[in-house]
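# Structural features, examined
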Amino acid sequence: MQTVLQVDDLTKRYGATTALDRVTFAVAKGSIHAIIGENGAGKSTLIKSLSGLQVPDSGTMRLDGELFAPSSLGESRGRGVSTAFQEMSLLGNLTVAENLSLPRLGSGRLFVRRRQYEAAAAELLAKYDLPGLSPAQRVGELSLAERQKLEIVRAVSHRPKLLLLDEPSAALPDVEWLFGLIEKIRSPELTILYISHRLAEIRDLCGSATVLRNGRVVDTVRLSDVDDGMVFTLMGGASDDQVREKRTGRTTGAPAIQVDGLRGDTVRDLSFTLHDGEILGVAALEGQGQAETFRMLAGASRPSGGTIAVGGRRSKYTTPAGALRSGISFVAEERKAEGIMPGISTLANITISSLGRTSTLGVAAGKKEYQASLPFARKVDLDERYLRMDIDALSGGNQQKAILARSLMKGSKYLLLYDPSRGVDVGTKASVYRMMREFTDSGGAVLWYSTDLSELVGICDRVLCFYRGSVVAEFPGHETDVEELLQAITGHGAGEKAGQS
Amino acid sequence: MRRALSSGTTLAAIILVAMYIVYMYSSIDVLTTENATDLLNNAAPLVISATGLTLVIVVGGFDLSLGGVVTLANVILATQTGGTTGSAAVGVLLALLAGVVVGALNGFLVAYLNVQSIAATLGTFIMCSGLALVIMPSPGGSVPEFISPGLISSVGPVPVSLLVILACVVAYLAFRRTRMGIHIFAVGLDESAAIQSGIKAAAVKFRVYLAAGLLYAVAGVMLSALTASGDPNGSAVFMVLVFAAVAIGGAKFGGGRGSAIGSILGAGVLAVLQKMLFAVGVSTFYTGIFQGAILIVAVLIGMISLRLGETRPRAVTTDQRALTGRPA
């Protein structure tokens, strides 16, 4: 079999993190080859390298046997590689036809040829079964699914010999259209690299798959030779599971936060209950509605339907301040952007939300402030000496602890933690876990989203699996494992244990 | 209708017409050729600069060098001593060259070195102002006759200023039909998406700053025709008015939306306002207050009509973006 793409030892580093680590694989001409992996496995870096948007540090790519080292999108397109990006690359202020014909916009030398490219667009839309779109329509007016389809059609329209589809079904309500299109364009001359985490789709389309984990190729397999469980094991990697004390047989208290039929832009009919004394985990791949859910609970985003009840009472807050008054503290993932206030001391960062308690007649009293914050700093293992330092000088992990201390000091009863352990060191992770346990032991409740499935398994009382904006499965923390969660959050084998709450 | 209203151009046109009607009623000799020419002469430098600035704003940048280039062009012309048409031509060429050089420097800094546009152009603005003082330490001098009164007079019955303004309109309309004319909107809205669509974003930005620099220099020449003399610190108010014209015209600071036609109409609004206030006997000291107020009102109306005309994009933001407020 002829090889169309050969990748050898491809490596790309960003600072201290290695996004791609000696990635090596080959793709047969005319095949549909899958690239699978969890969030952060290196899929998008690979796509960017193949598309010419990013130059790898070392390693080589060969296309039809010839060296392929594109340094711009134009160059990779010129070599017959075309990409439908997950982070969609359409321009909302331009029309459908303009987007489809960028950057050339007709064959004119100086002026664009609108009639020409609008006619070409109409032809493409008809050919690829998008009759609902009109060439002169602005892309900003399209739905997310329509934009995704347009993005794919645009990539196809360049008549590539290698087509990269990056999560092409992520925004589509069903795959019928996509599969129809692939059927239509398939030929011995066209190779498709299909990047997805939806194993069911991959099985339907692809013959072979390369599995990435932490920037490395774990294996390249013929899909007919492996069962789903094996693929999930390859993706998830049970090996780096640290032994964690599992919580078993805990009884939890009264409902703390009840979410019923919540709806929003990315949230569809979401219902769950968080109890007092409970650590409730949220497992989800990127973009399944978890971010919006957290924002709604934190008062930072308004639901379009459904109810939230806090402590048994229907809540009416619509601002973060209102959520705080209801006892809800939200620790966002982007600490730099939303959490810390740079330029002032760690101490001030901790006490800023509780100044009422540490000030006399509105003037913050240094000593009182210090004394008051000390127990909370201890609770999160934040060393006392950091309190007097500028928060900017602290490591990410210690900043995280300071933010947690602030939330505790506010006296919140409910903590919403959005991926707090991402990118922090093992020691900090451990203190985050301990803090959560202590917090819930004293009656608080924690809703915790983490991209690291293995830690959810270890720490949570229950884990909710989000998929396309709703809860598709729920597992007791001590009975589930990474593979099971992975299956559920990829929309695969979901529902087996759903509806147990 | 909604869509038309939500475009800043329509709004600016309505305001301009309304203001002109008020102006007509305020004074009997508004429609004399002399008065009309005077108005056009006042508007021309604003119109040209606003055209250039609009391009920069649309592409997602900011350009403070405008004031510097205008001043530089002005003092270059005011220090041309020859008095002949030849020396005037040399002066004009030097002035335009200065604009191109400053524009190229801005473009290089912003597009290729990724310096924030406000910082880069603030730097070049200060440099230009400094250079202007070196060329001409104190106000005075006079510009060659070819410039003043040449450029504020008429060719037959048609004022030169009108020709210049029409040239701006025509050039912009033509530019909108070029590849660049569409690329600037793409880059201004979302640079990485533009790059992923195959657009060479850096080259687009560089050319925009270059073109803008040239246009500011032309504006400086026209302004010199109006003032007839040199002033090394004279452009601060002018620059603010150009920004106001662009804002009235509905361009979105931050990029991706705007039209030079809107900005040109915005410049017209400011010029007519000045005349109108003078005609109804308001002291010129108050002009600034009214200009500022008009700016705010126009932007507010623009925002409201934009909201009315907006078809809500359905869940365009991804979940991740919704959380962090920035691209994932």
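Residues numbered from 1 in each chain as written. Chains lettered and ligands numbered in written order. Predicted model: local features only at pLDDT ≥ 70, side-chain atom pairs only at ≥ 80, totals over all residues. Heavy atoms only, no water.

## Re the overall build of chain A
What chain A contains, in helices and strands, is 18 helices and 22 strands. For chain A, the proportion of its 501 residues judged to be buried stands at 55%. Across chain A, every contact between residues at least 6 apart in sequence was considered, and the portion connecting residues at least 24 apart equals 66%. Here chain A displays about 20,600 Å² of accessible surface, and carbon together with sulfur accounts for 48% of that area. (Helix = DSSP H or I, 4+ residues; strand = E, 2+ residues; numbered from the N terminus. Buried < 20%, exposed > 50% of the residue type's maximum accessible area, 1.4 Å probe, protein only. Contact = heavy atoms within 4.5 Å. Areas by Shrake-Rupley, 256 points an atom, 1.4 Å probe, with all protein chains shown as cover.)

## Re the overall build of chain B
Helices and strands together make up the secondary structure of chain B, namely 14 helices and two strands. Within chain B, the fraction of its 328 residues that count as buried is 50%. Long-range contacts, defined here as pairs at least 24 residues apart, represent 78% of the contacts in chain B between residues at least 6 apart. Element-wise, carbon and sulfur atoms account for 71% of the exposed surface of chain B, whose accessible area totals about 14,300 Å².

## Side note on empty space enclosed by the protein
In this structure the tally under the stated criterion is two cavities of 30 Å³ or more. Of the pockets and cavities examined, the largest cavity occupies roughly 90 Å³. Lining the largest cavity are 13 residues, and of these Leu 73, Arg 77, Ser 82 and Thr 83 of chain A together with Gln 196 of chain B lie nearest its centre. Residue assignment for the lining of the largest cavity shows that the elements contributing at least two residues are α2 (73-78), β6 (81-84) and α5 (144-157) of chain A. (1 Å grid on protein atoms, 1.4 Å probe; cavity = no way out; pocket = protein on both sides within 12 Å on 5 of 7 lines; lining within 4 Å. Points joined across faces, edges and corners; volume = space filled by probe spheres on them.)

## Here we look at unusual backbone geometry
A cis geometry characterises the amide bond from Leu 102 of chain A onward to Pro 103 of chain A, with omega recorded as -5°. Positionally, Pro 103 of chain A belongs in the loop between α3 (96-101) and α4 (114-127). The backbone of Arg 468 of chain A shows a phi angle near 50°, a positive value even though the residue is not glycine. One can find Arg 468 of chain A in the loop between β21 (462-467) and β22 (470-476). For Ala 228 of chain B, which is not glycine, the phi torsion reads 65° and is therefore positive. Looking at the secondary structure, you find Ala 228 of chain B in the loop between α10 (201-227) and α11 (236-248). On the basis of relative accessibility, which here comes to 30%, the residue Ala 228 of chain B falls in the partly exposed class.

## Side note on the pairing of β21 of chain A
Residue and element names in this part refer to chain A. Where burial is concerned, most of β21 is hidden: six out of the six residues are buried. Of the strand pairs in this sheet, β21 and β22 are connected by six bridges, and their pairing is antiparallel. If you follow Tyr 467 over to β22, its bridge partner there is Ser 470. (Pairing = 2+ DSSP bridges.)

## Overview of the confidence of the model for chain A
When pLDDT is averaged across chain A, the result is 82; 88% of the residues are at 70 or more. Scored below 50 in pLDDT, residues 494-501 of chain A shows 13 contacts in the model against residues more than four places distant or in partner chains. (pLDDT = per-residue confidence, 0-100.)

## Details of the sheet that holds strand β13 (residues 279-283) of chain A
All names here are of chain A. Sheet architecture is open: six strands sit in the order β16-β19-β20-β13-β21-β22, paired in mixed fashion. The open sheet has two edge strands, β16 (328-331) and β22, and neither has a second partner. For this sheet, the mean angle separating the axes of adjacent strands, direction not counted, is 20°. Sheet strands touched by helix α9 (residues 290-297): β13, β16, β19 (414-418), β20 (445-449) and β21. Its angle to β19, the strand with the most contacts, is close to 150°. The strands touched by helix α18 (residues 482-489) are β13, β21 and β22; relative to β21, the strand with the most contacts, the crossing angle is about 30°. (Axes fitted to C-alpha atoms, helices over the stretch in contact; angles between N-to-C directions.)

## Here's the deal with the nonpolar core
In this structure, Tyr 194, Met 436 and Trp 448 of chain A together with Ile 184 of chain B are the most contacted members of the largest nonpolar core, which totals 195 residues. When neighbours within four sequence positions are excluded, Ile 184 of chain B is seen to be in contact with Leu 55, Val 58, Val 59, Phe 175, Val 204 and Val 208 of chain B. Judged by nonpolar contacts, the second largest core, of 29 residues, contains Leu 297, Ala 298, Val 310 and Leu 447 of chain A. (Core = buried A, V, L, I, M, F, W, Y, C linked by side-chain atoms within 4.5 Å.)

## Thoughts on the pattern of salt bridges
All names here are of chain A. A complete count under the given rule lists 13 salt bridges over all chains for this structure. Across the pair Lys 12 and Asp 57 runs a salt bridge, and its minimum N-O distance is 3.9 Å. Placement of the pair is Lys 12 in strand β1 (residues 3-14) and Asp 57 in the loop between α1 (43-51) and β4 (58-63), with a sequence separation of 45 residues. Exposure remark for Asp 57: the relative accessible area of 43% places this residue in the partly exposed category. We note a salt bridge from Glu 167 to Lys 43, for which the minimum N-O separation is 3.5 Å. Of the two residues, Glu 167 is situated in the loop between β7 (162-166) and α6 (176-185) and Lys 43 in helix α1; the sequence distance between them amounts to 124 residues. Assigned by exposure class, Glu 167 and Lys 43 land together as buried. Salt bridges linked by common partners bring Asp 21, Arg 22 and Arg 216 together as one network. (Salt bridge = Lys/Arg side-chain N within 4 Å of Asp/Glu carboxyl O.)

## Quick word on the sheet that holds strand β3 (residues 32-36) of chain A
Residue and element names in this part refer to chain A. What the six strands build is an open sheet, ordered β6-β7-β8-β3-β9-β10; its pairing is mixed. Of all the strands in the sheet, just β6 and β10 (216-222) have a single pairing partner and so form its edges. Each neighbouring strand pair of the sheet contributes to a mean axis angle of 20°, computed without reference to strand direction. Two elements, β3 and strand β8 (residues 191-195), share four bridges in a ladder whose sense is parallel. From the neighbouring strand, Ile 35 faces β8, where its bridge partner is Ile 195. Packing against the sheet, α1 makes contact with β3, β6, β7, β8 and β9 (208-213), and its axis sits at approximately 150° to β7. On top of the sheet, α6 reaches β3, β7 and β8; it is set at about 160° to β8, its chief contact.

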